[in-house]
There are 4 protein chains.
Amino acid sequence: KNAKKDVYSDKDFEDDEEEYEPVMFDSRQEAANLFKRIVAPVKINQFFSTYWEKKPLLIKRNKETYYKSWFSCEEFDWIMRNHNLEFTTNIDIVTYINEEKKKHNPEGRAYAPLVWDFFQQGCSIRLLNPATYSQNVWKYLSILQELFGCCVGSNVYLTPAGTQGFAPHYDDIEAFVLQLEGKKRWRVYNPLNENEVLPRFSSPNYTQSDLSDPIIDVILEAGDLLYFPRGYIHQANACDEIHSLHITVSTYQKNSWGDFLTKLLPGAIEIAMQENVEYRKGLPINYLTENGVAFEDKETEDRTKFKTKAGQLVKGLIDYLPIDAAVDQFAKDFIHQTLPPFFTKDEKSRSIHDHGERWNSDNNRVENIAEIEPDTSIKIIRKNCLRLVVEEDSCFVYHNLENSKIYCEKEPQYLEVDTDAAPSIEFLLNSYPKYVTVDELPMETIEDKISVAQCLYDKGLLVTGEPLNCD
Amino acid sequence: KNAKKDVYSDKDFEDDEEEYEPVMFDSRQEAANLFKRIVAPVKINQFFSTYWEKKPLLIKRNKETYYKSWFSCEEFDWIMRNHNLEFTTNIDIVTYINEEKKKHNPEGRAYAPLVWDFFQQGCSIRLLNPATYSQNVWKYLSILQELFGCCVGSNVYLTPAGTQGFAPHYDDIEAFVLQLEGKKRWRVYNPLNENEVLPRFSSPNYTQSDLSDPIIDVILEAGDLLYFPRGYIHQANACDEIHSLHITVSTYQKNSWGDFLTKLLPGAIEIAMQENVEYRKGLPINYLTENGVAFEDKETEDRTKFKTKAGQLVKGLIDYLPIDAAVDQFAKDFIHQTLPPFFTKDEKSRSIHDHGERWNSDNNRVENIAEIEPDTSIKIIRKNCLRLVVEEDSCFVYHNLENSKIYCEKEPQYLEVDTDAAPSIEFLLNSYPKYVTVDELPMETIEDKISVAQCLYDKGLLVTGEPLNCD
Amino acid sequence: KNAKKDVYSDKDFEDDEEEYEPVMFDSRQEAANLFKRIVAPVKINQFFSTYWEKKPLLIKRNKETYYKSWFSCEEFDWIMRNHNLEFTTNIDIVTYINEEKKKHNPEGRAYAPLVWDFFQQGCSIRLLNPATYSQNVWKYLSILQELFGCCVGSNVYLTPAGTQGFAPHYDDIEAFVLQLEGKKRWRVYNPLNENEVLPRFSSPNYTQSDLSDPIIDVILEAGDLLYFPRGYIHQANACDEIHSLHITVSTYQKNSWGDFLTKLLPGAIEIAMQENVEYRKGLPINYLTENGVAFEDKETEDRTKFKTKAGQLVKGLIDYLPIDAAVDQFAKDFIHQTLPPFFTKDEKSRSIHDHGERWNSDNNRVENIAEIEPDTSIKIIRKNCLRLVVEEDSCFVYHNLENSKIYCEKEPQYLEVDTDAAPSIEFLLNSYPKYVTVDELPMETIEDKISVAQCLYDKGLLVTGEPLNCD
Amino acid sequence: KNAKKDVYSDKDFEDDEEEYEPVMFDSRQEAANLFKRIVAPVKINQFFSTYWEKKPLLIKRNKETYYKSWFSCEEFDWIMRNHNLEFTTNIDIVTYINEEKKKHNPEGRAYAPLVWDFFQQGCSIRLLNPATYSQNVWKYLSILQELFGCCVGSNVYLTPAGTQGFAPHYDDIEAFVLQLEGKKRWRVYNPLNENEVLPRFSSPNYTQSDLSDPIIDVILEAGDLLYFPRGYIHQANACDEIHSLHITVSTYQKNSWGDFLTKLLPGAIEIAMQENVEYRKGLPINYLTENGVAFEDKETEDRTKFKTKAGQLVKGLIDYLPIDAAVDQFAKDFIHQTLPPFFTKDEKSRSIHDHGERWNSDNNRVENIAEIEPDTSIKIIRKNCLRLVVEEDSCFVYHNLENSKIYCEKEPQYLEVDTDAAPSIEFLLNSYPKYVTVDELPMETIEDKISVAQCLYDKGLLVTGEPLNCD
């Protein structure tokens, strides 16, 4: 009953489009629009205040095409025929029979007929990280990461009629299950105890006897959504009459306050030691012989003093927390780990991605020579596609435009800029999503302004308000 | 004048022995005895309350043989002829002329005539880590590390008459300069500013013009002591009429409260995350776009909330500090990094080091077969030579008996014991320096008791009250 | 004049097709057909007997579309817009001005407008390994490697009108220059001396003054061919009126007899030592003190005996040469280093690459289930796409189907098969290009025959005579 | 019976000294003297022509002190008490019971009482590489390596009365068994077949049933020698009444003609490719499809031609063999791998090892300043302690003086000298064992001559005819 109010089955969704086409004036706004559509009719604010990291949400729509644009068996077949997918790297073949999970991956390339043959024999298929090959999955996830400020991943699961794909377990991520085709029965259970609320690591597999009654037990149909926070145990069975295809969108892995402290505190100790002699003083002469697990039961004055002193110094660290620097470290990781942005045709036509010089094979020469002018209006191409980091005396613009769609396949990408250019980049970041003219950049000469703009433009980091004038 | 009261020149030291011969009933007591002799007539308590990490101490004794047993030029000559010392690894040849420091190390073996030839030409000689080759230096330092609970190192400096050996600088260790032969003029200066009090890293070299007036300016003669805390700038010149030989005994490198927090806090965050869901909760959705060095000047409500929350969580860590476990980590490092103990003849004759089975070449057979009995009285051979560490389900006795005299040349040495044996080892540790009988060990059967004792005995970790009975 | 008879300008080529479309009944025959077309009107036999590794060949065709299907500026523009090319990895920007060569590569992605901008400013563009992105270059090179039994690589050079792209030099590969667009003046010079005939390493850059008269000095126009062996010095200038685009196809790098001996002789010594005690006997007691560069001028009896004995043993190795095993090692390298085969639509429709099980989204199920039958006619999909290697007791089929188009990006790909299956694989290799039925495979039971065929089919290594029957 | 004439039992050895004390005028002559004593009464020439690498030699002396100076149980006891020996690294504890070999090594330090306790319980003790700790073993082996031009190693075996120490097997080295104490029954068997004559690798253990009748079956008593070439199977049992102690001296591991070819031929191919175009020509176009293990049974014309050509090129290599360079490579390995020389007191007093500047603690200064003069007579300290190697434009003197007594523990030691000095070093090498004066060195100025001599002297590589004059 607790779960009841978390179940929506509104049959009158206004939103009718099946494929979400971003306009991308403001990437954070677009991300909100896309997410709004995913959790509709629940409002975004309501979602974050009531469900996010708190409890599951089930939305029954009775509208089977609702998430259709994300992915389909047909696209899956096409991908396997046109890309070199490999077992284990890209595709897992699994069965879950008599409470035992087994992998059946051969080695080498996953040719479509091989995969379908496994499927015919009752195996479930997991497609890992479909954004690598599916344009729409890439598009949607790269937009959502602008909302969450965190990596957004996904897996696709295809299960033959009448089988179960995996054992009951919980994960270490916030999970959005979008049912794409067919049906699947889902059962969700509360975390087993307090220590497994919002857990840091995924669970091992459970057997049925480990579990009590589910808080949700529902047949998910195409178009339906099921969200549950990390720590909620779940299991799913395909129904007898039809296969099931769903995508699980996941986020907020290792993105907790504790993870943040892990980056924050070494820097805090470093600063405290520089600025406060108390942290540089030597440990007491006798501490080794008084403290240690072997002495845990002893209560001596020396032990108490030692513990008290350590506690004071820990508390004292709050005067030395380099919070902004630690956030920048997280931001650098975000830039390194995320998918590269997906650009619309329109964006491409107003940026280096598809505007400017090109070969004209009729005239046998380069044409369309484009120039940035003082009155050219520009903005950053995405709110979160770049990060300005000042390290020692240099200024680095880290960006994710040249990231691979395979997680962390490439080294962090950056360009080094003059420290004089830093205020211009901050100005662009803070003006977003508004356009500014090159002339407005806070630098001294117009040559410098154009030079900074050109430099960012050449890396693909800027869009112009209008396509640049060409010769 | 500030320095005056830190200068002793008592001509009536009672203690007359020149070589300190430990009796070693209690290694911590012996260490205190040895240290008492070094800083006499200052009392140990007075030393630690008045000088240690606070200010320099100068003791003029007018007793040139006082530290003679530590080391001499004669021993140095002998060592070079009988060991394969190498330039750079074991010996540095340096000059300091016109405020410029130069190294003149050739490659390869430091044959005595080569080294003396450099010396004749006015070079200073630094012998690195003399404990590797000098019995007495090894003996003294290995005893002192029982007092300090920290590595104790040393270097020997030999400077020709009329030259300066090194540029003014400060070090990152507590320094005890023991003048062994000849004379040297020492000048000591206060730390340049507050941030260089008890510094974490050694300074670069200074020029004379960087410095103001010294707080100590003295001719150190054989038998004299000069102590100064890390951060005090010092320089030294040999006098014109005679060479100078001194040993610098050093300790407390990277042994500060800040170093301790560095080991303590990752464990604290780990525990906090396990036990308190606040540390597992996700970071706020918008934190990346509100915080960062580029936003340092902005004061928004979100920024304030973020900072406040981080501060609360840091403070909250004091409920989760694994202090004893962190001390054990430091203790393991101590065991790994320290010199092996030096054993007296008497200790050897009551332990595996020189008692028990031996070959009798007259009878062509093994003789002197020795057995541990229930009434054999035993104790640990040094207070700080072993450490009991429980990791997961196993119980490890880390010890330094097989360490090399070269810093960290060997992997940490340990033996794994049954968890049932842990109380017996704690019993031995806590009984120290008293002997106990094997029968007193807290185990069930006499066979088990003998087995534990035998195991420690065979590793050289026990001495018996009397030499074991032999056949 | 020497070069004259190596110049063809036949205006009546029969062959009129502009794009070569392989039928691929026999990959070695197809390779010959393609190569025949490249060097026409010279016959293949004539080419190999008269020019290959001997002297340059120039063919003037007056037919500018002849090589058009290989590559064009238009395709280049398209590739840059649709793939993540990077400077240095994929594209070099170079100038050669006043006998000085310079690279101008920025970091990061080579967006088309950036590259065209460099071109406009007079830089030459080198596209490295265009087979990675161009379908036709991949198709042609993967066919040619079947002919040469060796890696076939390529680079594309685009030079603005009126500039020179590179300094005079020679390469370490056999070079086929196919002029694709515009014109370029080429000058070719004889090797400077005997030691630079068929050299093992490329030369440094020469200046004009190092060179005497060229043996070829010609304006290469679109459709013309210039071949020259490794060691022939060459230089090229774009003409003033038009840009130049050519592709250089290269092969036979480190594929000499000497390279073969390097793999052959260690095995020969190994075998000789196993089988002949002369190779296991000890060296003479005194050889160290009699031989060595310091004794080169001495002629002693011992030296002569030592040299004679060494010579005899070297000669004796010819009884122990493991020639076939060394060829297999080269073949394994070939399989590892070559491009994956390019398959025609027809081939795909008769193999796992595009036949068999597929998802029918109307019926929501897998259809087109295909089975190999005893009378199915099969053959290897390429003569040189796989190699059977027996190592110890196992049997490995190395193949290049899953190779990346980037040189050696993937580990060697292989499948392990039962040793019983080896004769069937040899039978398929030797029957090529003829089809055989599954039933003809030399194994005992029909189940075994189908199993072997299925195993190779599932890896994409077989084509069937007709598409397999489907349900 | 075959073995009979290989057994000596001469009771009248002239040579009576028990410890061999080298005079060391000529290290090669000294080595011959020492070896002569080991194999007496067999003459050295007779040994090498009749037994070396050919068949076993047994010498029964009835003189139990003959090899006494090498090693004893008493010295073994002393070593364990005064050095940190470790199980596995330095000492193995083994049993061989019921045809099964077992190791019983604990971890950590091998305290004497632990080792003797194992011995008492019937275990055999193997002391690995005793030269590390025993002065005499080091002295003898370092001398012998001057004779063999190859590493000389050793192991000591101590076996309790009435036990067998190891299983029947053969080794990959020439073995000299010197019985030191007690008795042991040895049985030696012929190699099992032709391929195991002078084998490259040691055998696994055999069981008694693998073996036929021994060719030697003898009780070896203290003072006796048993030599057998690699490949001869052997086993040994201690007798019931007394323990056995022997040392096995071994040499000529991987020092065969085949090993030499392995270093020689890569260089030969390299030179052939530089000088002869035949080696640079490409392999035939079709070789990959005609050759390979799968085609072994085919005899085609192409295959025959390919094989013939390969054979010719292999034969042709004898014109390009860099024999002296390959010997230098072996010599460099010899210098790297051998024991450092053992110097006599007399040698030390005429070299930097114990002559020249020293500290006089009565006068508190350096005395005994020594100078090399033009008429100083000098020679290399050992024939084989250094090797002159010219690499590119530099000249390196590799030497073994600073080697560790642990095999290859240190990097190769060398000094770089001016190429002008090379003839002087060759002059010294070729003059050995005669002294020359510094003035005789083939350099232009007397300053240069003294400089070269000083440089070698300072590295310990020279002895002077008389101790240098001192102030």
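Residues numbered from 1 in each chain as written. Chains lettered and ligands numbered in written order. Predicted model: local features only at pLDDT ≥ 70, side-chain atom pairs only at ≥ 80, totals over all residues. Heavy atoms only, no water.

**As for the overall build of chain A**
Counting its regular elements, chain A contains 12 helices and 20 strands. Overall, chain A is about 80 × 75 × 45 Å in size when its C-alpha atoms are taken along their principal axes. By residue count, 59% of the 471 residues in chain A fall in the buried class. Long-range contacts, defined as pairs at least 24 residues apart, comprise 78% of the intrachain contacts of chain A with a sequence gap of at least 6. When the accessible area of chain A is evaluated, it comes to approximately 19,800 Å², of which 46% is carbon and sulfur surface. Each charge sign in chain A was given a centre, from 52 positive and 78 negative side chains, and these centres are 6 Å apart. (Helix = DSSP H or I, 4+ residues; strand = E, 2+ residues; numbered from the N terminus. Buried < 20%, exposed > 50% of the residue type's maximum accessible area, 1.4 Å probe, protein only. Contact = heavy atoms within 4.5 Å. Areas by Shrake-Rupley, 256 points an atom, 1.4 Å probe, with all protein chains shown as cover. Lys, Arg positive; Asp, Glu negative; His and termini not counted. Charge placed at Lys NZ, Arg CZ, Asp CG, Glu CD.)

**Comments concerning the domain arrangement of chain A**
All names here are of chain A. As far as domains go, chain A holds domain 1 (4–251), domain 2 (258–321) and domain 3 (324–464). Between domain 1 and domain 3, the C-alpha centre-to-centre distance is 34 Å. Between domain 1 and domain 3, the contact holds 19 residues from the first and 21 residues from the second. Interface area for domain 1 against domain 3, summed over the two sides, is near 1,800 Å², with a carbon-plus-sulfur share of 62%. Its largest share of buried area at the contact with domain 3, domain 1 owes to F25, W138 and Q145, together 31% of the area lost on that side. Scanning the region where domain 1 abuts domain 3 turns up 0 salt bridges. Our enumeration of links across domain 1 and domain 3 arrives at 7 residue pairs in polar contact (both at pLDDT 80 or more). Counting residues per element, the ones that place at least two in the side of domain 1 that touches domain 3 are α1 (27–39) and α5 (135–148). (Domains from an automatic or database assignment. Buried area = accessible area lost by both parts, 1.4 Å probe. Salt bridge = Lys/Arg side-chain N within 4 Å of Asp/Glu carboxyl O. Polar contact = N/O pair within 3.5 Å; in protein donor to acceptor, adjacent residues only side chain to side chain.)

**Describing the confidence of the model for chain A**
Averaged over all residues, the pLDDT of chain A equals 91, while 95% of them reach at least 70. Counting interchain partners and residues more than four positions distant, the pLDDT-below-50 stretch residues 1–5 of chain A has 4 contacts. (pLDDT = per-residue confidence, 0-100.)

**Description of the interface of chain D and chain B**
In this assembly, 37 residues from chain D lie in contact with 37 residues from chain B. At the boundary of chain D with chain B, total buried surface from both sides reaches about 3,200 Å², with 54% on carbon and sulfur atoms. Sorting the residues of chain D by area buried against chain B places R81, Y111 and W359 of chain D first, and these three jointly supply 22% of that buried surface. In this assembly, chain D and chain B are joined by 4 salt bridges. Ionic pairing is found between D354 of chain B and R81 of chain D, a salt bridge with its closest N-O pair at 3.0 Å. Across the chain D-chain B interface, the total number found is 14 residue pairs in polar contact (both at pLDDT 80 or more).

**Describing the packing of aromatic side chains**
Overall, the coordinates contain 152 aromatic pairs over all chains when judged by the stated rule. Connected via pairs of aromatic rings, a cluster forms that spans F35, F47, F48, Y51, W52, F148, F176, Y227 and Y252 of chain A. In this arrangement the basic side chain of K405 of chain A is found over the ring face of W138 of chain A, its NZ or CZ atom lying 4.1 Å from the centre. Seen from the ring of F25 of chain C, K379 of chain C lies directly overhead, with NZ or CZ sitting 3.8 Å from the centre. (Phe/Tyr/Trp six-rings, centres within 6.5 Å; stacked < 30°, edge-to-face > 60°. Lys NZ or Arg CZ within 6 Å of the ring centre and 35° of its normal.)

**Observations regarding the interface of chain B and chain A**
Taken together, the 75 residues of chain B in the interface contact 76 residues of chain A. Overall, the association of chain B and chain A removes approximately 6,600 Å² of surface from exposure, summing both partners, and the carbon and sulfur fraction of that is 66%. Taken together, chain B and chain A are joined by 4 salt bridges. Between D324 of chain A and R303 of chain B there is a salt bridge, and its shortest N-O distance comes to 2.9 Å. Inspection of the region where chain B meets chain A yields 34 residue pairs in polar contact (both at pLDDT 80 or more). Elements supplying a minimum of two residues to the side of chain B that touches chain A: α5 (135–148), α6 (257–275), α7 (287–290), α8 (301–316), α9 (323–337) and α11 (422–431) of chain B. Of the residues forming the side of chain B that touches chain A, the biggest block, 12 residues, is contributed by α6 of chain B. Its residues assigned to classes, the side of chain B that touches chain A shows 37 nonpolar, 15 polar and 23 charged. (Nonpolar A, V, L, I, M, F, W, Y, C, P; charged D, E, K, R; others polar.)

**Things to note about the relation of the copies chain B and chain A**
The operation relating the pair of chain copies consists of a rotation about an axis and a translation along that axis. In screw terms, the move from chain B to chain A is a rotation of 180° and a rise of 0.1 Å along the axis, fitting with an RMSD of 0.1 Å. A rotation of that kind, with that shift, is consistent with a two-fold axis. Looking at the rotation axis and the C-alpha trace of chain B, the residue lying nearest is K315 of chain B, at 2.5 Å. With an isologous cut-off of 70% or more, the 100% of interface residues of chain B that recur at the interface of chain A puts this contact in the isologous class. (Least-squares fit on C-alpha atoms with pLDDT ≥ 70 in both.)

**A look at the sheet that holds strand β15 (residues 377–380) of chain D**
Residue and element names in this part refer to chain D. On the basis of which strands lie adjacent, the open sheet formed by 3 strands has the order β19-β15-β20 and antiparallel pairing. Every other strand in the sheet has two partners, leaving β19 (436–437) and β20 (462–464) as the edge strands with one partner each. Strand direction decides the pairing type here: β15 and β19, joined by 2 bridges, are antiparallel. In the sheet register, I378 faces β19, and the bridge partner there is V436. Of the strands in this sheet, β15, β19 and β20 are in contact with helix α11 (residues 422–431), which crosses β15 at around 85°. (Pairing = 2+ DSSP bridges. Axes fitted to C-alpha atoms, helices over the stretch in contact; angles between N-to-C directions.)

**Some details on the side chain of R61 of chain B**
All names here are of chain B. Position of R61 among the secondary structure elements: in the loop between β2 (57–59) and α3 (73–82). Put simply, R61 is tucked away with no salt bridge, and the nearest opposite charge, on D224, sits 5.7 Å away. Here the side chain of R61 touches A40 through a polar contact of 2.7 Å, landing on its backbone oxygen.

**Some details on the packing of helix α6 (residues 257–275) of chain C against helix α6 (residues 257–275) of chain D**
In the contact formed by α6 of chain C and α6 of chain D, the axes pass within 10 Å of each other and the chain directions differ by 165°. When the axis of α6 of chain C is compared with that of α6 of chain D, the two are roughly antiparallel. The handedness of the crossing between α6 of chain C and α6 of chain D comes out as right-handed. Where α6 of chain C approaches α6 of chain D, its residues G258, D259, L261, T262, L265, I269 and M273 of chain C are matched on the opposing element by G258, D259, L261, T262, L265, I269 and M273 of chain D. Across the contact of α6 of chain C with α6 of chain D, the residue classes break down as 8 nonpolar, 4 polar and 2 charged. (Parallel < 35°, antiparallel > 145°, perpendicular 65-115°, else oblique. Left-handed = near helix turned anticlockwise from the far one by under 90°.)

**Quick look at the environment of I79 of chain A**
Residues and elements named next belong to chain A. Inspection of the secondary structure assignment puts I79 in helix α3 (residues 73–82). Each C-alpha atom, one on I79 and one on P412, is 28 Å from the other, the two residues being 333 residues apart in sequence. Those residues in contact with I79, other than ones at most four positions away along the chain, are F71, L85, Y133 and S134.

**Things to note about the pattern of salt bridges**
Two side chains with opposite charge may pair up if their charged atoms get near one another. Counting across every chain of the model gives 89 salt bridges over all chains. One salt bridge connects E221 of chain B with K60 of chain B, and the closest N-O pair in it is separated by 2.9 Å. In this pair, E221 of chain B sits in strand β9 (residues 216–221) while K60 of chain B sits in the loop between β2 and α3, placing the two residues 161 residues apart along the sequence. When its relative accessible area of 32% is taken as the criterion, E221 of chain B is described as partly exposed. Here K60 of chain B falls in the buried class, since its relative accessible area comes to 17%. One salt bridge connects D333 of chain C with K263 of chain C, and the closest N-O pair in it is separated by 2.5 Å.

**Topic: the side chain of D77 of chain D**
One can find D77 of chain D in helix α3 (residues 73–82). A polar contact of 3.0 Å, which involves the side chain of D77 of chain D, links it to the backbone nitrogen of W359 of chain B. Sequence-distant contacts of D77 of chain D, that is, excluding residues within four places in its chain, are made with R358 and W359 of chain B together with W116 of chain D.

**What about the sheet that holds strand β17 (residues 394–399) of chain D?**
Residue and element names in this part refer to chain D. Pairing is antiparallel in the open sheet, where 3 strands are placed in the order β16-β17-β18. Of all the strands in the sheet, just β16 (386–391) and β18 (413–417) have a single pairing partner and so form its edges. Here the average twist between neighbouring strands, direction ignored, is 30°. Where β17 lies against β18, 5 bridges are found, and the strand directions are antiparallel. Bridge assignment links V397 to a residue of β18, and that residue is L415. Here α11 sits on the sheet and contacts β16, β17 and β18; the angle it forms with β16, its principal contact strand, is near 150°.

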